[in-house]
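# An overview of the molecular structure
Okay, here's what each chain looks like letter by letter:
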Amino acid sequence: MRMLHTSDWHLGRSFHRASMLGAQAGFISHLVETAREREADVVVVAGDVYDRAVPPLAAVELFDTALHQLAEAGIPTVMISGNHDSARRLGVGAGLIDRAGIHLRTSPAACGEPVVMADRHGDVAFYGLPYLEPALVKDVLGVERAGHEAVLRAAMDQVRADLAGRAPGTRSVVLAHAFVSGAAVSDSERDITVGGVAAVPLEVFDGVDYAALGHLHGCQTLTPRIRYAGSPLPYSFSEADHRKSMWLVDLDAEGEVSAERLDCPVPRPLARLRGSLEELLADESLARHAESWVEVTLTDAVRPADPMARLQERFPHTLSLVFAPDRSEEEALDSYARRLSGRDDRQIAEDFVGHVRGGVGPDTAERALLHEALDAVRTADHLGEVHR
């Protein structure tokens, strides 16, 4: 069984102020053509089809185009919802679309109900585990306490139970949208932390032949059987070093996995430049970035006049400008932006408590209350998107 594993399309998302719809349409065409040329038996899409729960019309039209292209090419597709998607909206018409060979799996209650396909060696069961928001699915999955690991373990228990009742030799593939321990993150993924914990251990996926993961935007191999495809396009400058790609995965008669990484077309390279304005304008070695999307960090002690206009004369596609004057270490600690850089909401809240109490941070009970409040707000936001 040959699979083309992709994820995190984020249809409708822009790159800073640059529209990505044209590039997203180009990727869809590339995906279908690659599946044809490499004779893929199935395409698997591991969540975050859209960038928001209520996507713009142009994104919906592009998704419709993708469905038609895949169906017309006769390429079966299994697709799950991610944390950016509205599972209910994405799943509308799933029963009808299923007849065209496009299998949308968006219901937490159906984690143990696979799409079964066959090759000359027998059956392969594809289990779709949509993004499982712990507070919203714990009762459906019979979990007492909300947490990413708990709900994902419960879903995988359903998978293993169904698989155990199938014919010996049935191979298995799981699609999941989650943050798995040991993987590398970027700035463009939405935080899914619950109670201070977002990651789930690799062992959660024991018992299946291949886990096709989505959520993180960097293509990664956690084990030969557990992989992230990553996003096919960049969505933040933190992805400047990413190689955007998909996995072409072969599952042999015994369930052994071999995989080939296939590059995706990217509209422009990304560049992150740092230095004083005059240095950046004069450095001849930077000429190679004239057609790149550029993020500039200026280190001038005094903010120069019209920096963006001057930078865009040399780098026309400069999209982001950050000021970080070269200062002593003591002065740098006074920068609010720097204190917050790389810290999640939980850490910021705990640091604030320590700041207003003269360095005394929250105790265990206070920390639990902070986590509970942050989880409640995030869950309420998720519900608001779903019902909007």
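The text that follows walks through the structure, step by step, so that each part is easy to find. By convention here, each chain's residues receive numbers from 1 onward along its written sequence. Residue-level local features of this predicted model are given only where pLDDT is at least 70; pairs of side-chain atoms are given and counted only at 80 or more, and the full residue set underlies all totals for whole chains, interfaces and linings. Only heavy atoms go into the side-chain values, all of them from the structure, while hydrogens and water stay out.

## Notes on the overall build of the chain
Per the secondary structure count, the chain includes 12 helices and 17 strands. Taking the principal axes of its C-alpha atoms as reference, the chain extends roughly 70 × 55 × 40 Å. Once local pairs closer than 6 in sequence are excluded, the contacts in the chain between residues at least 24 apart make up 69%. Method for areas: the Shrake-Rupley scheme with a 1.4 Å probe, in which residue coverage is limited to the protein chains shown. With the model as given, the accessible surface of the chain reaches about 18,100 Å², and the carbon-plus-sulfur share is 50%. Seen as two clouds, the 39 positive and the 59 negative side-chain charges of the chain have centres 1 Å apart. Starting at the N terminus, helices and strands are each numbered in turn, a helix being any DSSP run of H or I of at least four residues and a strand any DSSP run of E of at least two. Between two residues, a contact is recorded if the distance between any of their heavy atoms is within 4.5 Å. Asp and Glu are treated as the negative residues and Lys and Arg as the positive ones, with His and the ends of the chain left uncounted. The atom standing in for a charge is NZ when the residue is Lys, CZ when it is Arg, CG when it is Asp and CD when it is Glu.

## Thoughts on the sheet that holds strand E17 (residues 318-323)
Adjacent strands of a sheet pair through backbone hydrogen bonds, lying either parallel or antiparallel. Strand pairing follows a simple DSSP-based rule, namely that at least 2 bridges must link the two strands. Here 3 strands make up an open sheet; going across it, the order is E15-E16-E17 and the pairing parallel. Two strands bound the open sheet, and with one partner strand each, they are strand E15 (270-275) and E17. Within the sheet, the average angular offset between the axes of one strand and its neighbour, ignoring direction, is 15 degrees. With 6 bridges connecting them, E15 and strand E16 (residues 293-298) associate as parallel partners. Each residue of the ladder has a partner; that of Ala271, found in E16, is Val294. The axes are straight lines fitted to the C-alpha atoms, using for helices just the contacting stretch, and the angles between their N-to-C directions are given from 0 to 180°. Of the strands in this sheet, E16 and E17 touch helix H8 (residues 307-314), which is tilted by about 135 degrees from E17.

## Points about the side chain of Thr106
Mapped onto the fold, Thr106 is located in the loop between strand E4 (102-105) and strand E5 (115-119). Apart from the residues lying within four places of it in its own chain, the contact partners of Thr106 are Ser81, Ala87, Leu90, Gly91 and Pro130.

## A word on the nonpolar core
Buried together is how nonpolar side chains tend to be arranged in soluble globular proteins. Among buried residues, those of type Ala, Val, Leu, Ile, Met, Phe, Trp, Tyr and Cys that are joined through side-chain atoms within 4.5 Å constitute a nonpolar core. Remark: exposure states derive from per-residue accessible area (1.4 Å probe, protein chains only) relative to the maximum for the residue type, with buried under 20%, exposed over 50%, and partly exposed in between. Residues Leu129, Leu132, Leu152, Met156, Val174, Phe205 and Leu213 are the most contacted members of the largest nonpolar core, which totals 32 residues. Elements with a minimum of two residues in this core: strand E6 (122-129), helix H6 (148-164), strand E7 (171-177), strand E8 (179-180), strand E10 (210-214) and strand E12 (226-228). If you tally residues by element for this core, the top one is H6, at 7 residues. Look past the residues within four positions of Leu129 in its chain and what remains in contact with it is Ile80, Cys111, Leu152, Ala155, Met156, Val159, Val174, Leu175, Ala176 and His177. Grouped together as the second largest cluster of nonpolar side chains are 28 residues, Ile28, Val43, Leu67 and Leu262 included.

What is shown is where atoms sit, not what they do.
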